[in-house]
Amino acid sequence: MADKHIDEISGVETTGHEWDGIRELNNPMPRWWVWTFYATILWALGYTILYPAWPLVSDATRGALGYSSRADLAADVEGARTATGGIVEKIANTSLDEILADQQLSQFATAGGAAAFRVNCTPCHGTGAAGGQGYPNLNDDEWLWGGDVNAIYQSIAHGIRDSVDPDTRVSEMPAFADMLKPEEVREVSSYVVSLTGTPRDPSLVEAGKQLFADNCISCHGEKAEGNRDMGAPNLGDAIWLKVRDEAEIAKQIQSPRHGVMPAWATRLGDATVKQLAVYVHSLGGGE
Amino acid sequence: MNLYTSPALGSNDQTVERIDAQPVHPPGASRQPLYEKRKKIFPKKAEGRFRRFKWIVMLITLGIYYLTPWIRWDRGPFAPDQAVLIDLANRRFYFFFIEIWPQEFFFVAGLLVMAGFGLFLLTSAVGRAWCGYACPQTVWVDLFLAVEGFIEGDRNARMKLDAAPWSFNKLSKRLTKHTTWIAIAVATGGAWIFYFADAPSLAFDFVTGQAAAIAYWTVAVLTATTYVLGGLMREQVCIYMCPWPRIQGAMLDESSLVVTYNDWRGEPRSRHAKKAAAAGQAIGDCVDCNACVAVCPMGIDIRDGQQLACITCALCIDACDGVMDKIGKPRGLIAYATLEEYESNMALATNGGTTVIEPSRIRNVDGTFIDQVRHFNWRVIFRPRTLLYFGVWSAVGLGLIFALLSRDRLEVNVLHDRNPQFVLESDGSIRNGYTIRLLNMIPEPRTIMVSMEGLPEATMKITGVTDVPGRLFAVNVEPDKTLALRVFVTLPKEAISAQTSDFRFIAEDRSSHEQDSYAAVFNTPGAKK
C-alpha cells in the first residue's frame, strides 16, 4: 500500500490507488469468500490428481480415475450402436423389397446409406451422386445395369468389371477400329447423333444406320435402346454417360473406354451395401 | 392512503422498551481487517401491514412455485395433460392453452424483455420492491427465519440460545431447525423437477428410486443451494453475491420511493424524551429504541440513510410505526419517501441547510406538522420515466399477445436440393428435388393437402406417398409432429425455359381452412440465378 488514506465520506480505508481523483475503497472481503477461494484451489489440485493434467516430456499424467476422452468416445460409439436396437442386423436379415416396404427400415437404411455413400462413393459419383463424364449420374432414370433396388444392390456388391469378384458385372464393347474403316465410323457416329440431334453431315446417316444394324444392334438393340443385361447404354435418350459429340462418339467406337467400379460387399459388409442400395434407389430414379 | 395517520395519535405516552441492538453492517468502520467473519443477525419478528403484505406475497409466490406443476390441463390424447410443462426431450413447452415449439422461443425472449422492463418500472417507481418482497432469496430467507423463530423463539431467545453452551436443549432445537430447513430445501428442489416431466409419475418414480439420475442430481443441487443460501448465508447473498443491488442503484432517481428514515422529524433523537421535554429541550420523534435495527434482516440501521445493504423490505417501517403508535406520535418516522420529498423537508427543518435539525421549524405549537411539510403522494409514481417504461412493457406485451393470436399452427418449409440442382431424365424432362417439412403444431392428427401454385406444366411425386405424378396430394401428419417429405417436381421437355422458375408449395388443412405456402425455385440447365 502506497499510503494510508481514510475516505472521508465512508470512513473506510482506501487501497491507496487513485484514478483521476477517485480512490478505491478497501472494504474487507467476507471470510466465507476467502474460504471459497481456497476451496477452489484445493479442488483444482484434486482435479489434477484425479484427471489427466500435468504435461510430461512425451505424455501427460494419466489421472487417478483413469479417465480418457478416447474411452469416452468408444463408449459413446458403443452406446450409439446399442441405441439402434439391432436395426442394422434386421436390415442384414431382410430382403431389399421388404426393407423398402417397411417405413422404419427404409428410413434408417436411407440415412445410413447416405452416410456410407459420402465416405465411399463420392470420389467418383460426387457428393450429390450426380456423377460426371464417364461416371453415371445416380439421380436420373437411366440405368446401365438396371434401376430396381436388387439390380442396384448387385452392382454395388459385386462391382462393374471388378478384377477379383467372380460375380462382377462384365461387358466389353469391341474396338471397331480394326473392323470399320474411318469413314464408316464417321457414318455410324452420324447415325447415333441423329437419334437425338442433328449430325454435322446428314447425308451419312443412311449408311450409318445400315452399319449400326450390322454391327451394333446385338448389344445396343434395334432401336439403339440399349440392353441392361450387357450394360449397354440406351443411345436414343437424352442422357449421355460421356459426351454427345460426334468426334467423341467416333473415338468411343474405335477404341472404347470402360468404367470400372470395385465390388463393395467384401469391404463394407452386406448390411451397409443394402443401405447404399436403398439410398441410391431413393434418389429419384429408382424403379 | 396517508401513511402518517396513526390510530393512536395523541394517545397516552407509553413506555417503549429499548432494545439493545447495534447495526451489524454499519457504514465504514475505519481500520477494517482484510477479511471479515460473518456477524450473526437475529432479526426480531415484526408486526404490521408490510409484514402482513410480505406474508401474502410469500404465500402467493411459494404457492405458485410449489403447486403449478400439479395443475392438470386436458389437451386430448396426443399431448401431456400438465398445465405447465417444459418437455425438453420432445422440445415442447406447454403453458395452459399455449404450446410453444423451439422456433417460437421468441415468446420466452419476449417475456424476459417484459420481465426486464417490469423490473425497471417497479424499481423506478417503488425502489427495490423486487428485493424486498418477491426475490426468491428474500422469500426463502423469510420462510427460513419464520421456521427459526418458531423453533428457537424470537430475537432475544435466539441470541441467548446462540451464546449458551451446547446442551440437550440447544442440540435438539438446532437439529429440529436444520432438519426443517433441509426438508423445505428438498421440497424446493423437488418442485423444480416437476416442471420438466409429468409431475405425478415423476413423483412416484422419484420416491421409488426409478427416476433418472439427473432428477436426483437436480434435487440434490437445489437442496444444497436453498439450504446454504436461504438458511446459512442469507444477507451475504444480497450484499456480496448479487449484482442486482448495484444495477438497481442506477434505476433509482429523486422521485423513486425508498425506505427512508425521516431525520428531519426524528432528530435530535433522545432516549429520555420526557425528561428532555421537561427540561425544555427541543427533541425529535426518534426515541432511539432501536426497534428498526432489531427487525432488520440485513442487520443495518436505516437511520444511517439509504444504503446498498437495504433491500427495502419495510419491516423497519412496521417496527417504527408500532413504536410511534405507542408513544402517540404520527406514523411515518421511517416511511416510503422520495428523495425529493425528503430533501424538501430537510431543507425546512434545517432552514435550507444553514442550521442543525430544529424540530420547531417543522411543527406547529401543538406538535402537528406545518403545512409546508411534504407528504407522500401517489402521483410521484406517474411520471415520464415510469410511463415510458410502462409503455415499452405494454408494447412488448401487446406484441406478444398479437403474435400469439395470429401465429400459424400449420407451417410448411421447403429446402431445394442443391446437389444436384436439377436432374436430366432420359425423356429430356428436368427434375428438381425438394425436402418439404410439414409442421402440424396442434396435438391432433391432420390430413394436409400439398399442392403447387405456378409452373403449370410441372407435376410432382412424393416419396412414400405416391408414384403417380400429380399436383395435389393428401398427406397424413401425426399430432404435434413434423413430417419431412421428399418431393420430386418434373417439368416436361417442351416446357423448359432457360430461366429459373418461381412457384409455391401450398399446404392446406381443408377442415380448419388453415393454409401456409412457401416460395420455391425450379432450376433448369443454363438457368442463371
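Bear in mind the structure is a predicted one, so any value in this text is a computation, not a measurement.

Caption draft 1: Examining the sheet that holds strand β2 (residues 84-87) of chain B more closely. All names here are of chain B. The strand order across the open sheet built from three strands is β2-β3-β4, with neighbouring strands paired in antiparallel fashion. Looking at which strands have only one partner, the edges of the open sheet turn out to be β2 and β4 (98-100). Across the sheet, the mean angle separating the axes of adjacent strands is 10° when strand polarity is ignored. Pairing between β2 and strand β3 (residues 92-95): four bridges, direction antiparallel. Pairing of Val 84 across the sheet is with Phe 95, part of β3.

Caption draft 2: Just unusual backbone geometry, in detail. Residues and elements named next belong to chain B. In this structure, Pro 268 follows Glu 267 across a cis peptide bond, with omega equal to -10°. When you line up the elements, Pro 268 lands in the loop between α11 (263-266) and α12 (273-278). With an omega dihedral of -5°, the bond running from Asn 419 to Pro 420 counts as a cis peptide bond. With respect to the secondary-structure elements, Pro 420 resides in the loop between β7 (410-416) and β8 (423-424). For His 513, which is not glycine, the phi torsion reads 60° and is therefore positive. Here His 513 shows up in the loop between β15 (501-509) and β16 (514-522). Its 7 C-beta neighbours within 10 Å are what place His 513 among the exposed residues.

Caption draft 3: Up close: the domain arrangement of chain A. Residues and elements named next belong to chain A. Domains assigned within chain A are domain 1 (1-67), domain 2 (87-169 + 260-281) and domain 3 (182-254). Contacts between the two partners involve 10 residues from domain 2, matched on the other side by nine residues from domain 3. Of the residues assigned to the side of domain 2 that touches domain 3, the class counts are four nonpolar, three polar and three charged.

Caption draft 4: Spotlight on the domain arrangement of chain B. Residues and elements named next belong to chain B. Domains assigned within chain B are domain 1 (1-37 + 252-376), domain 2 (49-249) and domain 3 (410-522). Contact with domain 1, which involves 18 residues of that partner, is made by 23 residues of domain 2. Of all the secondary-structure elements, those providing two or more residues to the side of domain 1 that touches domain 2 are β5 (257-261) and α14 (315-327). Considering each element in turn, the side of domain 1 that touches domain 2 owes the most residues, three residues, to α14.

Caption draft 5: Just helix α4 (residues 136-152) of chain B, in detail. All names here are of chain B. With 17 residues, α4 ought to run about 24 Å at 1.5 Å a step, and its terminal C-alpha atoms sit 24 Å apart, in line with that. What α4 keeps buried is the set Gln 137, Thr 138, Val 139, Trp 140, Val 141, Asp 142, Phe 144, Glu 148 and Glu 152. The inward-facing, buried residues of α4 abut α1 (49-67), α3 (129-134), α5 (155-163), α6 (168-193), α8 (213-233) and α9 (235-241).

Caption draft 6: Up close: the sheet that holds strand β10 (residues 446-453) of chain B. Residues and elements named next belong to chain B. A sheet is described by the order of its strands in space; here four strands give the open sequence β13-β10-β15-β16, paired in antiparallel fashion. Each edge of the open sheet is held by one strand with a lone partner, namely β13 (472-477) and β16. Across the sheet, the mean angle from the axis of one strand to that of its neighbour is 25°, orientation sign disregarded.

Caption draft 7: Here's a closer look at the packing of helix α2 (residues 106-126) of chain B against helix α16 (residues 384-406) of chain B. All names here are of chain B. It is the contact of α2 with α16, at a shortest axis distance of 9 Å, that shows an interaxial angle of 160°. For the element pair α2 / α16, the angle class is roughly antiparallel. For the crossing formed where α2 meets α16, the hand is left-handed. Between α2, through Phe 107, Gly 110, Val 113, Met 114, Phe 117, Gly 118, Phe 120, Leu 121, Ser 124 and Ala 125, and α16, the contact on the second element is made entirely by Arg 385, Thr 386, Tyr 389, Phe 390, Val 392, Trp 393, Val 396, Gly 397, Leu 400 and Leu 404. A per-class count over the contact of α2 with α16 returns 14 nonpolar, five polar and one charged.

Reading guide: rules and limits
Residues numbered from 1 in each chain as written. Chains lettered and ligands numbered in written order. Predicted model: local features only at pLDDT ≥ 70, side-chain atom pairs only at ≥ 80, totals over all residues. Pairing = 2+ DSSP bridges. Helix = DSSP H or I, 4+ residues; strand = E, 2+ residues; numbered from the N terminus. Axes fitted to C-alpha atoms, helices over the stretch in contact; angles between N-to-C directions. Buried ≥ 20, exposed ≤ 12 C-beta atoms within 10 Å, placed from the backbone. Domains from an automatic or database assignment. Contact = placed C-beta atoms within 7 Å. Nonpolar A, V, L, I, M, F, W, Y, C, P; charged D, E, K, R; others polar. Expected span 1.5 Å × (residues − 1). Parallel < 35°, antiparallel > 145°, perpendicular 65-115°, else oblique. Left-handed = near helix turned anticlockwise from the far one by under 90°.

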